[in-house]
Amino acid sequence: MATIIDGKQVAAEVKARVAKEAQRLGDELGITPGLAVIIVGNDPASKIYVSNKKKACDEVGFYSEVIRKPEKTTQRELLEIIDTLNKRIDIDGILVQLPLPKHISEKAVISAISPKKDVDAFSPFNVGKVMIGESVFLPCTPAGVMELIKSTGVELSGKNCVVIGRSNIVGKPTALLLLQQNATVTICHSKTQNLAEVCSKADVLVSAVGKPNFVTADMVKEGAVVIDVGINHNEDGKLCGDVKFDEVEPKAGFITPVPGGVGPMTIAMLMENTLKATILKEKSSAKKAAKKQ
Ligand code: GUN
């Protein structure tokens, strides 16, 4: 039987660390980290994600601002909002909730966010920094996956890790972070041949597919760490991951549940990134002040 990795608990520990540091920044320097979240349109899932992000900011003592714009908002209007937020001293992180309405280019919008405030780490600059192992911000979900693996105490160096899914937001960056820990990494996708066989060799299996019951017991090595990034709904409308939990759990060594696994980590890592943005801003202004003297 597997040990269930408690994402809520690990996320609470990350947020407690962030809250403590935010308190210190307030006490010693009189500054409060600030996050702006922009949501365009009425996607119900996005609305829930955004309200959870605001709640997390309140929990850790950050200032936060949610900017809600209607579906018909133009790309130009959105870029103007970002431009204003880029210049605001009280805003350290900017997050544009995705997906955006079809008439707006996500690429153009993400690229308009100052890399120093890009707490999602979605901009080409920050993606490149992760690629060369000089990251400023880590993308939140992959960083959360790494934190959960760390919580198991399983050493990654030299291990076989398989990531199912090659998205820019989860699959590719997760593979890179595993590689940076000296794992041997395979990325599987819809064209992969012998998927079950490849997965069954994994000491660590990360699934980011978006299909319920996709990962079955025959795809899992005895004792493996199984991380389920999927957020899906089954036929009954119930929230579930990619992994056929009841079947895989007895075989795995460690496994994340859905809900309560990777989900809470994404927001915790966003708080960590926002705090980091504040600290970097402070360091940079202290440096400028020292140069003037
Ligand atoms: N939509 C779904 N997940 C995310 C996320 O992590 N960041 C943003 N900006 N949008 C999302």
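Residues numbered from 1 in each chain as written. Predicted model: local features only at pLDDT ≥ 70, side-chain atom pairs only at ≥ 80, totals over all residues. Heavy atoms only, no water.

Draft legend 1. Region of the structure containing the overall build of the chain. Regarding its fold elements, the chain presents ten helices and eleven strands. By the compact-globule yardstick of 19 Å for 293 residues, the chain fits well, its C-alpha radius of gyration being 20 Å. Projected onto its principal axes, the C-alpha coordinates of the chain cover approximately 60 × 45 × 30 Å. Every one of the 293 residues in the chain was classed for burial, and the buried ones make up 45%. (Helix = DSSP H or I, 4+ residues; strand = E, 2+ residues; numbered from the N terminus. Rg over C-alpha atoms; globule rule 2.2 N^0.38 Å. Buried < 20%, exposed > 50% of the residue type's maximum accessible area, 1.4 Å probe, protein only.)

Draft legend 2. Geometry of the pairing of strand β2 (residues 34-40). Most of β2 is tucked away: seven of the seven residues are buried. Side-chain alternation along β2 places Gly-34, Ala-36, Ile-38 and Val-40 on one buried face and Leu-35, Val-37 and Ile-39 on a second face that is also buried. As paired elements, β2 and strand β3 (residues 63-69) share seven bridges and run parallel to each other. What sits directly across from Ala-36, in β3, is Glu-65. (Pairing = 2+ DSSP bridges.)

Draft legend 3. Up close: the sheet that holds β2. In space, the three strands of this open sheet follow the order β3-β2-β4, with parallel pairing throughout. Of all strands in the sheet, those with a lone pairing partner are β3 and β4 (93-96), marking the two edges. Averaged over all pairs of adjacent strands, the angle between their axes in this sheet comes to 15 degrees, without regard to strand direction. Along the sheet, helix α3 (residues 75-87) contacts β2, β3 and β4; its crossing angle with β2, the most-contacted strand, is approximately 180 degrees. (Axes fitted to C-alpha atoms, helices over the stretch in contact; angles between N-to-C directions. Contact = heavy atoms within 4.5 Å.)

Draft legend 4. Molecular detail of the site of the ligand. As a structural note, the neighbourhood of the ligand is formed by Lys-53, Leu-95, Val-96, Gln-97, Leu-98, Asp-120 and Phe-122. A distance of 3.1 Å separates a nitrogen atom of the ligand from a polar side-chain atom of Gln-97. With respect to the ligand, the backbone of Leu-98 contributes an N or O atom lying 2.9 Å from a nitrogen atom. Its free accessible area being 280 Å², the ligand has 79% of it covered by the protein chains. Taken atom by atom, the bulk of the ligand overlaps the largest pocket. (Near = heavy atom within 4 Å. Polar contact = N/O pair within 3.5 Å; in protein donor to acceptor, adjacent residues only side chain to side chain. Areas by Shrake-Rupley, 256 points an atom, 1.4 Å probe, with all protein chains shown as cover. 1 Å grid on protein atoms, 1.4 Å probe; cavity = no way out; pocket = protein on both sides within 12 Å on 5 of 7 lines; lining within 4 Å. Sits in = over half its atoms within 2 Å of the grid points.)

Draft legend 5. Representation of the side chain of Ser-123 in the model. Tracing the sequence through the fold places Ser-123 in the loop between α4 (106-112) and α5 (124-131). Look at Ser-123 and you get buried, because its relative accessible area is 2%.

Draft legend 6. Molecular detail of empty space enclosed by the protein. Inspection of every chain in the model, using the stated rule, returns one cavity of 30 Å³ or more. Taken together, Val-96, Leu-98, Ile-110, Ile-113, Asp-118, Asp-120 and Phe-122 make up the lining of the largest cavity. Of the residues belonging to the lining of the largest cavity, the class tally is five nonpolar, no polar and two charged. (Points joined across faces, edges and corners; volume = space filled by probe spheres on them. Nonpolar A, V, L, I, M, F, W, Y, C, P; charged D, E, K, R; others polar.)

Draft legend 7. Local environment of the layout of surface pockets. Its volume calculated, the largest pocket comes out at about 1400 Å³. Together, 48 residues line the largest pocket, and Tyr-49, Thr-141, Ile-231, Gly-263 and Thr-266 are the ones closest to its centre. Mapped onto the lining of the largest pocket, the elements with two or more residues apiece are α1 (7-29), α2 (44-60), β4, α6 (140-152) and α10 (262-292). The element best represented in the lining of the largest pocket is α2, accounting for nine residues. Classifying every residue of the lining of the largest pocket by side-chain character gives 28 nonpolar, twelve polar and eight charged.

Draft legend 8. Broad picture of α2. The end-to-end C-alpha distance of α2, which contains 17 residues, comes to 25 Å, matching closely the 24 Å that a straight helix rising 1.5 Å per residue would cover. Every buried residue of α2 is accounted for by Ser-46, Val-50, Lys-53, Ala-56, Cys-57 and Val-60. In an axial view of α2, the angular spread of the buried residues amounts to 120 degrees, which keeps them on one side of the axis. Opposite the buried face of α2, by more than 90 degrees, sit the exposed residues Pro-44, Ile-48, Lys-55 and Glu-59. Each element contacted by the buried residues of α2 is listed here: α1, β2, β3, β4 and α10. After α2 finishes, the residue Gly-61 shows a positive phi value of roughly 85 degrees. (Expected span 1.5 Å × (residues − 1). Arc of directions from axis to C-beta.)

Draft legend 9. Inspection of the sheet that holds strand β1 (residues 3-4) at higher detail. Taken together, six strands build an open sheet; the order of strands is β1-β11-β8-β7-β5-β6 and the sheet is parallel. With one partner strand each, in any of the chains shown, β1 and β6 (184-188) form the two edges of the open sheet. On the sheet, helix α7 (residues 171-180) packs against β5 (160-164), β6 and β7 (204-207) and is oriented at approximately 170 degrees with respect to β5.

Draft legend 10. Fine view of the pattern of salt bridges. In total, this model carries 15 salt bridges according to the counting rule given. Here Glu-59 ties to Lys-15 by a salt bridge, and the two come within 3.2 Å at their closest N and O atoms. One end of the pair, Glu-59, is in helix α2; the other, Lys-15, is in helix α1, with 44 residues separating them in the sequence. Accessibility expressed as a relative area gives 53% for Glu-59, which makes it exposed. Residue class for Lys-15 comes out buried when judged on its relative accessible area of 17%. Across the pair Lys-221 and Asp-203 runs a salt bridge, and its minimum N-O distance is 2.8 Å. Residue Lys-221 is found in the loop between β7 and β8 (225-228), and its partner Asp-203 is found in the loop between α8 (195-199) and β7; the two are separated by 18 residues along the sequence. Using a relative accessible area of 21% as the deciding quantity, one classes Asp-203 as partly exposed. Among the charged side chains, a salt-bridge network with shared partners connects Arg-17, Glu-147 and Glu-272. (Salt bridge = Lys/Arg side-chain N within 4 Å of Asp/Glu carboxyl O.)

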